[in-house]
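Here's the letter readout for the chains.
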Amino acid sequence: MKRWLPLVVFLVLVGFFAKGLFLNPREVPSPFIGKPAPDFALPVVGNEAMVFSPADMKGRVWVLNVWAPWCVSCRQEHGVLMALSQSQTVPIVGLNWKDKDREAAALLAQQGSPYFAVPDDVSGKVGIDYGVTGTPETYIIDKAGIVRLKHVGPIDGEVWKNKFEPKLKELGA
Amino acid sequence: MIPELGHFALIVALLLAVTQSVLPLIGAQRGKASLMAVARPAAQGQFVFVALAYACLVYAFLTNDFSVENVARNSFSQLPEVYRITATWGSHEGSMLMWVLILSLWTTAVSVFSRHLPDDMVARVLGIMGLISVGFLAFLLVTSNPFDRLVPAAPDGRDMNPLLQDWGMIIHPPMLYMGYVGFAVAFAFAIAALLSGKLDAAWARWSRPWTTVAWAFLTAGIVLGAWWAYRELGWGGWWFWDPTENASFMPWLAGTALIHSLAVTEKRGAFKAWTVLLALIAFSLSLLGTFLVRSGVLSSVHAFATDPSRGAFILGFLAVVIGGSLVLYAWRAPKMVTGGAFTWFSREAMLLANNVVLLAAMGSVLLGTLYPLFMDAMGMGKISVGPPYFNAVFVPVMAPVLFLMGVGPLARWKEASLPDMASRLKWAFAVAVVTGFLLPLTLEGFNPWATLGFFLAIWIVLTGLLGFRDRMKNGTRLTSLPRAFWGMQLAHLGLAWGIAGITLVANYEQERDVRMNVGDHTSLAGYTFTFQGTTEYDGPNYRAARGTIEVSQGGKKIATLHPEKRIYNASGMPMTEADIHPNFFRDVYVALGEPLDDEAKSWAVRVFHKPYINWLWLGAVVMVIGGFLAASDRRYRINVRKATAPAGAVAQGS
Amino acid sequence: MKHWIFAFLMAAALPAYANEAAPNAEDPIIEQRLVKMAEDLRCLVCQNESLAGSHAELAEDLRREIREQMKAGKNDKEVIEYLTTRYGDFVLYEPPFKPVTYLLWLGPFLFLLIGGGAWYLTLKKRRALEQQPLDAAQLAAAEKLLQDK
């Protein structure tokens with residue numbers, strides 16, 4: 001029966017390859033799921049005296065959206081976030097990532113801000129602490145400050161409905 | 001017009017390929033000579049039309065026809081002419097067309113050099129190769145047409161990736177494709193044997209030269225890729241175990257096992273089913289490589305930008321071709337009764353061990369390359385498997401076969417005694433061990449990896465020389481030794497030379513990363529490097545800052561090197577172009593980093609000393625020569641002559 | 001006056017003396033550690049490049065981060081842990097030796113073992129073939145073939 005072995009091995013490989021066609025080899029899964037959101041204290045865009053920290057959000061389910069004024073996909077996402085900020089009650093915090101040219105304040109003033117707060121991460125260090133590799137990336141953090149979900153890439157209607165809403169509901173948002 | 005002509009030529013080629021496969025295969029099965037005779041002309045016709053299509057693509061690139069999407073994406077009006085030609089194979093579509101062109105080239109070669117083969121075998125071999133052509137031509141026409149028009153036409157192209165604008169691009173892909181597409185011939189011979197049920201030593205003798213030539217091309221292609229990476233990438237490395245690199249290396253490992261297994265089947269009629277399976281595996285790995293690089297399933301620097309739908313087509317094709325061949329194998333292989341007996345240290349046993357180790361090495365590379373996919377597909381997280389894994393695992397696994405290279409060629413067929421061989425080899429062994437141990441001590445101190453590398457290289461050389469001595473014992477002159485023997489010796493010695501080079505450069509290379517102003521100097525390995533500043537100039541499709549670095553040794557100037565930092569006009573991509581001063585014993589390698597001030601007066605400069613790195617390339621050249629030499633042995637050519645001699649002439653025998 | 005002119009000339013001549021180029025890095029020892037570590041780390045925004053060679057911005061950020069950690073006295077193991085806490089094992093080119101990767105690390109040696117076993121069994125079978133002498137019928141058939149030439 002060992003003459004069938006090569007075929008069997010091959011068919012197993014084909015199965016994996018078929019599955020692989022639906023996966024993205026470069027997507028980095030977050031090791032923070034189920035772990036506490038890393039702490040930080042950053043000045044807020046537009047009001048340097050104010051400081052934002054994840055601890056401020058304890059007791060609520062909230063969304064952390066990592067974005068940047070220079071990021072093209074974030075512009076696309078902006079409209080969706082604006083609509084969401086009006087249609088639902090989960091606060092969206094917008095981490096302003098590596099905004100070296102200081103464009104965030106002007107941009108948000110011009111286009112409106114969907115954000116509850118905009119902590120300013122100029123150096124990108126907080127981004128590194130969260131395992132951010134690019135923008136936009138979005139996290140759901142629960143009432144106890146534990147990271148529950150990470151989404152890489154812009155949020156659109158579909159993504160919010162199928163990925164975010166169920167999770168938010170589950171967490172008692 | 002011309003692109004449409006090219007497109008039309010591909011459609012005709014597809015029809016010819018269908019004819020080339022269906023009719024002769026039916027003819028061979030039914031014994032109908034008229035159908036079998038269709039194979040040769042159909043194959044040659046297919047080649048003509050594929051070549052015509054390729055010529056049309058080259059024309060579109062040379063005339064800067066940016067209304068053709070492929071040209072717009074991969075070329076640029078300022079791109080030098082030679083790179084406009086290489087750009088034809090720089091994209092997914094273009095390289096697939098090259099795949100098909102080279103396959104039809106091999107098919108034509110088989111159709112011409114097969115007069116001495118039985119008609120049904122030729123019909124089957126050409127028919128199988130035709131089926132593969134059908135698959136790829138269909139893939140091209142349906143999903144990856146290189147002649148697609150861009151409406152409206154682009155004003156100019158997006159330029160070829162600057163990394164590809166190098167000598168290496170001119171020769172590496174064609175050589176590589178000649179290699180792993182060439183394994184289709186061995187594959188077709190194997191399927192033909194399974195279909196006909198006839199598998200004997202003659203079959204092995206027919207398949208062997210084709211396989212060896214393909215192997216030689218593949219060796220050249222892989223090494224050219226490494227040489228190119230070394231010169232072009234600017235960090236002095238030459239092998240990264242990237243999935244695409246592995247995709248070419250795995251067929252090479254299987255192909256090497258195959259040429260050794262064919263030796264046993266030809267000489268002793270043994271290992272028939274195993275050799276057939278190896279031929280299927282080698283080409284399957286080539287096809288697998290094609291899939292991996294174009295499907296987006298693995299992350300690779302070399303990967304073509306493709307989408308999963310193309311990946312699905314190739315996977316389907318793979319499943320049919322490889323799956324079908326393995327079903328045929330499972331069904332027909334037991335019918336192949338294998339040959340005689342042999343004992344523990346006979347040459348057959350050594351060659352079998354060679355196959356075991358090479359396939360274990362191949363399996364390890366496959367395991368490492370695919371493991372991230374396995375884990376991700378099973379939802380077990382994502383990991384990366386890179387050079388640290390492969391280097392740690394590959395060397396120990398390969399070492400046994402490198403050791404056996406000293407023993408196998410000296411072992412007798414059928415029966416050999418261990419005590420006898422041990423006594424013949426004991427001096428070579430002792431010298432190799434002692435030198436391997438002492439050499440690192442004279443350089444930088446105890447180094448087990450260097451010892452292993454030196455031991456193996458010296459062992460292979462000494463036992464190779466013993467092989468010459470054995471053959472010349474009865475007064476035979478060097479020049480009258482058969483080419484097959486010379487080919488084997490050169491291939492083995494070339495590999496040893498390469499191993500010596502790898503051992504030396506990997507263990508003893510040095511580098512320095514410094515900040516240099518005009519007039520500054522730095523030293524490395526006895527050489528002094530003086531920075532004379534940079535000048536700006538305009539290349540054909542880039543702007544460059546050209547550095548001048550004087551290299552001297554012992555106060556005497558030996559070279560002026562000009563590393564460059566280029567920015568390409570169309571893409572804005574920056575590129576580091578290193579400059580190298582090579583000689584037989586070392587490379588002195590200089591690369592510019594970033595300018596450290598706004599006027600670009602002060603630069604970060606990296607200097608490297610790479611001892612004996614050219615032994616890698618030289619060793620590989622010797623290996624390739626050995627391969628071609630072995631394939632041109634008398635016994636393969638005599639059959640051709642016999643077929644053209646009048647009937648009744650006495651057979652020459654070899 | 002003369003010694004002022006002399007001093008001035010000396011000062012003007014100083015830049016003309018060729019200088020030994022300084023290492024590009026502030027601390028060559030840390031830099032060496034950094035490069036060695038970064039060669040075995042993945043650039044997360046590249047198509048399979050190491051952190052050492054990549055020019056991507058995130059790669060530079062991470063190299064800077066590693067440099068700072070090393071300067072702060074962290075050893076290699078701690079720096080690696082810093083990275084894997086944030087990016088997972090994906091960032092390591094050398095896969096860790098965990099239950100989920102046992103098969104990966106042990107596989108190659110298993111292949112050799114299994115292959116070696118197959119080699120041994122095949123050779124035993126081949127030797128057994130040798131031991132069987134021809135029986136009378138086979139000898140007669142051989143005779144006949146030899147007569148026929």
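Worth saying up front: this structure is predicted, and the values here are computed from it rather than measured.

### Examining the overall build of chain B
Right, on to step 1. In terms of regular secondary structure, chain B is built from 19 helices and ten strands.
Right, on to step 2. In terms of overall size, chain B behaves like a compact globule, its C-alpha atoms giving a radius of gyration of 27 Å where 654 residues would be expected to give roughly 26 Å.
Right, on to step 3. With respect to the principal axes defined by its C-alpha atoms, chain B has extents near 80 × 75 × 55 Å.
Right, on to step 4. Looking at chain B residue by residue over its 654 residues, the buried ones come to 60%.
Right, on to step 5. In chain B, the share of contacts with a sequence separation of at least 24, taken over all contacts with a separation of at least 6, comes to 73%.
Right, on to step 6. About 24,600 Å² of surface is accessible on chain B, with carbon and sulfur atoms providing 65% of the total.

### Observations concerning a nonpolar patch on the surface
All names here are of chain B.
Right, on to step 1. There is a patch of nonpolar side chains on the surface, built from Phe-429, Val-433, Val-434, Phe-437, Leu-438, Leu-441 and Phe-446 and spanning about 630 Å² of accessible area.
Right, on to step 2. Within the secondary structure, Phe-429 is located in helix H15 (residues 418–443).
Right, on to step 3. For Phe-429, a relative accessible area of 38% puts it in the partly exposed group.

### Side note on empty space enclosed by the protein
Here the idea is plain: a probe the size of a water molecule rolls over the atoms and shows the empty space left.
Right, on to step 1. Per the stated rule, a full pass over the model turns up two cavities of 30 Å³ or more.
Right, on to step 2. Here the largest cavity is characterised by a volume of approximately 290 Å³.
Right, on to step 3. Lining the largest cavity we find 27 residues, and of these Leu-298, Ser-299, Thr-369 and Pro-372 of chain B together with Arg-42 of chain C sit closest to its centre.
Right, on to step 4. Going through the elements one at a time, helix H10 (243–268), helix H13 (347–377) and helix H14 (387–407) of chain B are the ones with two or more residues in the lining of the largest cavity.
Right, on to step 5. Broken down by element, the residue count for the lining of the largest cavity peaks at five residues, all from H13 of chain B.
Right, on to step 6. Here the residues of the lining of the largest cavity are counted per class, giving 15 nonpolar, eight polar and four charged.
Right, on to step 7. Forming the boundary of the second largest cavity are Asn-65, Trp-67, Ala-68, Cys-74, Arg-75, Glu-77, His-78, Leu-81, Leu-107 and Tyr-115 of chain A.

### A few points about the confidence of the model for chain C
Residues and elements named next belong to chain C.
Right, on to step 1. Of the residues in chain C, 83% reach a pLDDT of 70 or more, and the chain-wide mean stands at 85.
Right, on to step 2. In the model of chain C, helix H1 (residues 2–13) stands out as the element of lowest mean pLDDT, 59, in contrast to helix H4 (residues 76–87), which has the highest, 95.
Right, on to step 3. Interface confidence in the predicted complex, given as ipTM, is 0.90; pTM for the same model is 0.92.

### Overview of the nonpolar core
Right, on to step 1. In terms of nonpolar packing, the biggest core is built from 192 residues, with Trp-99, Trp-106, Trp-203 and Leu-253 of chain B touching the most fellow members.
Right, on to step 2. Top element by residues in this core is H13 of chain B. It accounts for 21 residues.
Right, on to step 3. Phe-32, Met-57, Val-93 and Val-132 of chain A belong to the second-largest nonpolar core, a separate cluster that totals 43 residues.

### Quick look at the sheet that holds strand S7 (residues 147–152) of chain A
Residues and elements named next belong to chain A.
Right, on to step 1. Spatial strand order, S5-S4-S3-S6-S7: five strands in an open sheet with mixed pairing. With partners counted over all chains shown, the strands left at the sheet margins are strand S5 (120–121) and S7, one partner each.
Right, on to step 2. Summarising the sheet, strand S6 (residues 137–141) and S7 pair through five bridges and their orientation is antiparallel. Counterpart to Glu-137 in the pairing with S7 is Val-152.
Right, on to step 3. Running at roughly 170° to S7, helix H5 (residues 157–170) makes contact with strand S3 (62–67), S6 and S7 of the sheet.

### Some details on the pattern of salt bridges
Right, on to step 1. Throughout the structure, instances matching the rule amount to 40 salt bridges over all chains.
Right, on to step 2. A salt bridge links Arg-86 of chain C to Asp-129 of chain A, with the shortest nitrogen-to-oxygen separation between them at 2.8 Å. Taken together, the residues span two chains, with Arg-86 of chain C in helix H4 and Asp-129 of chain A in helix H4 (residues 125–129). Accessibility assignment for this pair places Arg-86 of chain C and Asp-129 of chain A in one class, buried.
Right, on to step 3. Between Asp-470 of chain B and Arg-424 of chain B there is a salt bridge; the shortest N-O distance is 2.9 Å. You can see Asp-470 of chain B sitting in helix H16 (residues 448–471) and its partner Arg-424 of chain B sitting in helix H15, a full 46 residues away along the chain.
Right, on to step 4. Because the salt bridges share partners, they merge into one network encompassing Lys-98 and Lys-100 of chain A together with Glu-57, Asp-61 and Arg-64 of chain C.

### Quick word on the pairing of strand S7 (residues 574–577) of chain B
Residues and elements named next belong to chain B.
Right, on to step 1. In this sheet, S7 lies alongside strand S6 (residues 564–568) in antiparallel orientation, the contact comprising four bridges. Each residue of the ladder has a partner; that of Arg-566, found in S7, is Met-575.
Right, on to step 2. Linking two consecutive strands that pair antiparallel, namely S6 and S7, is a turn of five residues; a positive phi of about 75° is found at Gly-572 within it.

### Notes on the packing of helix H8 (residues 167–196) of chain B against helix H11 (residues 272–295) of chain B
Residues and elements named next belong to chain B.
Right, on to step 1. Running from amino to carboxyl end, H8 crosses H11 at an angle of 140°, the nearest separation of the two axes being 8 Å. It follows that H8 is oblique to H11 by the angle criterion. Every pair of crossing elements has a handedness; the one defined by H8 and H11 is left-handed. Listed contacts from H11 to Tyr-177, Tyr-180, Val-181, Phe-183, Ala-184, Ala-186, Phe-187, Ala-190, Ile-191 and Leu-194 of H8 are Val-276, Ala-279, Leu-280, Ala-282, Phe-283, Ser-286 and Arg-294.
Right, on to step 2. By residue class, the composition of the contact of H8 with H11 is 15 nonpolar, one polar and one charged.

### Section: the interface of chain A and chain C
Right, on to step 1. The interface is formed by 15 residues belonging to chain A together with 17 residues belonging to chain C.
Right, on to step 2. Per-residue buried area on chain A facing chain C is highest for Arg-26, Ile-128 and Thr-133 of chain A; these three make up 40% of the total on that side.
Right, on to step 3. At the boundary of chain A with chain C, the tally comes to five salt bridges.
Right, on to step 4. Here Lys-98 of chain A makes a salt bridge to Glu-57 of chain C, at a shortest N to O gap of 3.1 Å.
Right, on to step 5. Put simply, chain A and chain C have six residue pairs in polar contact (both at pLDDT 80 or more) between them.
Right, on to step 6. It is H4 of chain A that contributes the most residues to the side of chain A that touches chain C, three residues altogether.
Right, on to step 7. Of the residues in the side of chain A that touches chain C, the class split is eight nonpolar, two polar and five charged.

### Focus on the side chain of Asp-120 of chain B
Right, on to step 1. For Asp-120 of chain B, the location among the structural elements is in helix H7 (residues 119–143).
Right, on to step 2. Apart from the residues within four sequence positions on either side, Asp-120 of chain B is in contact with Ala-28, Met-36 and Lys-198 of chain B.

### With respect to the sheet that holds strand S10 (residues 603–611) of chain B
Right, on to step 1. Taken together, five strands build an open sheet; the order of strands is S8(B)-S9(B)-S10(B)-S1(B)-S1(C) and the sheet is antiparallel. If you trace the sheet from one side to the other, it starts and ends with strand S8 (579–583) of chain B together with strand S1 (22–23) of chain C, each paired once.

Conventions we followed
Residues numbered from 1 in each chain as written. Chains lettered and ligands numbered in written order. Predicted model: local features only at pLDDT ≥ 70, side-chain atom pairs only at ≥ 80, totals over all residues. Heavy atoms only, no water. Helix = DSSP H or I, 4+ residues; strand = E, 2+ residues; numbered from the N terminus. Rg over C-alpha atoms; globule rule 2.2 N^0.38 Å. Buried < 20%, exposed > 50% of the residue type's maximum accessible area, 1.4 Å probe, protein only. Contact = heavy atoms within 4.5 Å. Areas by Shrake-Rupley, 256 points an atom, 1.4 Å probe, with all protein chains shown as cover. Patch = residues over 30% accessible without salt bridge, like charges linked within 9 Å, V, L, I, M, F, W, Y side chains within 5 Å. Salt bridge = Lys/Arg side-chain N within 4 Å of Asp/Glu carboxyl O. 1 Å grid on protein atoms, 1.4 Å probe; cavity = no way out; pocket = protein on both sides within 12 Å on 5 of 7 lines; lining within 4 Å. Points joined across faces, edges and corners; volume = space filled by probe spheres on them. Nonpolar A, V, L, I, M, F, W, Y, C, P; charged D, E, K, R; others polar. pLDDT = per-residue confidence, 0-100. Core = buried A, V, L, I, M, F, W, Y, C linked by side-chain atoms within 4.5 Å. Pairing = 2+ DSSP bridges. Axes fitted to C-alpha atoms, helices over the stretch in contact; angles between N-to-C directions. Parallel < 35°, antiparallel > 145°, perpendicular 65-115°, else oblique. Left-handed = near helix turned anticlockwise from the far one by under 90°. Buried area = accessible area lost by both parts, 1.4 Å probe. Polar contact = N/O pair within 3.5 Å; in protein donor to acceptor, adjacent residues only side chain to side chain.

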